[in-house]
Structures are given as C-alpha cells and as structure tokens.
Amino acid sequence: MIELPRTQALRCFITVAREGTVSRAASMLKLTQPAVSLQLKALEESTGLQLFNRTPAGFTLTEAGAALLPLAHRAVAAASDSRRRRTR
C-alpha cells in the first residue's frame, strides 16, 4: 500500500520551492529550519525522489520536484477544502 505524504511535508516542499531556501521557508511557515529540513527529507524518502538540487545559493527543483509541485498544490488545496467543509 502506498502511503500518502503528510500535508505539512507538502506545504514545506511548496514553500521551499517558492522561496528557494529552507530558512526563508521556515520563516514563512513559522517553523524551525531543522523542522522544514526533516519534512523535506521525509517527503523525499517516502516518494523515493530527489526533489531539490541543493546549492550554496539555495534550492532549485529537480525534474521530479517540478513534476510533483502541481500535484502538491492540488493535494494541499484539497486538504484545506476538506477541513473547511468539516468545520461548517
């Protein structure tokens, strides 16, 4: 059985992809840098994909990361929509 990634890991992935660094993403998400790094590591391990190229200037998406990004956006949006519907 395939285990779906946690929404928090997908949020971290999306934010690092947008911001380009773990430190900026952590600040935006109000998390620590190690917490964001752990989420990214867990996501890469669960998918079996390298999602980012890590350089001194920051993070850039790999081909696999670029392919996952729109799916991550949809999954996070669906999770948010589901949460809103439950609270009504």
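Let me begin by describing the structure that accompanies this report. (Residues numbered from 1 in each chain as written. Predicted model: local features only at pLDDT ≥ 70, side-chain atom pairs only at ≥ 80, totals over all residues. Heavy atoms only, no water.)

Our focus in this paragraph is the overall build of the protein chain. Check the secondary structure of the protein chain and you find four helices and two strands. Along the protein chain, helices (α) and strands (β) appear in the sequence α-α-α-β-β-α when read from the amino end. Restricting to contacts in the protein chain with at least 6 residues of sequence separation, those with at least 24 account for 46%. When the accessible area of the protein chain is evaluated, it comes to approximately 5,900 Å², of which 57% is carbon and sulfur surface. (Helix = DSSP H or I, 4+ residues; strand = E, 2+ residues; numbered from the N terminus. Contact = heavy atoms within 4.5 Å. Areas by Shrake-Rupley, 256 points an atom, 1.4 Å probe, with all protein chains shown as cover.)

Okay, the side chain of Thr62 next. Along the chain, Thr62 falls in the loop between β2 (58–61) and α4 (63–86). Taking the relative accessible area as the measure of exposure, Thr62 reaches 12% and is therefore buried. From its side chain, Thr62 meets the backbone oxygen of Gln50 in a polar contact 2.6 Å long. Separated by 3.0 Å, the side chain of Thr62 and the backbone nitrogen of Gly65 make a polar contact. Setting aside anything within four residues of it in sequence, one finds Thr62 in contact with Gln50, Leu51, Phe52 and Asn53. (Buried < 20%, exposed > 50% of the residue type's maximum accessible area, 1.4 Å probe, protein only. Polar contact = N/O pair within 3.5 Å; in protein donor to acceptor, adjacent residues only side chain to side chain.)

A word on the packing of aromatic side chains. In this description, a pair of aromatic rings is defined by centroid distance and the angle of the planes. By the definition in use, this model includes two aromatic pairs. Ring geometry for Phe52 versus Phe59: centroids 5.4 Å apart, planes at 65°, classification edge-to-face. (Phe/Tyr/Trp six-rings, centres within 6.5 Å; stacked < 30°, edge-to-face > 60°.)

Turning to helix α1 (residues 7–19), a few remarks are in order. Given a rise of 1.5 Å per residue, 13 residues ought to cover 18 Å, and the 18 Å separating the end C-alpha atoms of α1 matches this to within 8%. When α1 is considered as a whole, its buried residues turn out to be Ala9, Leu10, Cys12, Phe13, Ile14, Thr15, Val16 and Glu19. Positioned one or two residues after α1, Gly20 has a phi angle of 90°, which is positive. (Expected span 1.5 Å × (residues − 1).)

Attention shifts here to the pairing of strand β1 (residues 52–55). Alignment of β1 against β2, held across four bridges, turns out to be antiparallel. Within β2, the position partnered with Phe52 by the bridge is Leu61. In this structure, the hairpin formed by β1 and β2 is closed by a connection of two residues. (Pairing = 2+ DSSP bridges.)

Moving on to the environment of Leu49. On the secondary structure map, Leu49 appears in the loop between α3 (33–47) and β1. In this structure, the C-alpha to C-alpha distance between Leu49 and Glu63, residues 14 residues apart in sequence, is 9.8 Å. Residues in contact with Leu49, not counting those within four places in the same chain, are Glu44 and Ala64.

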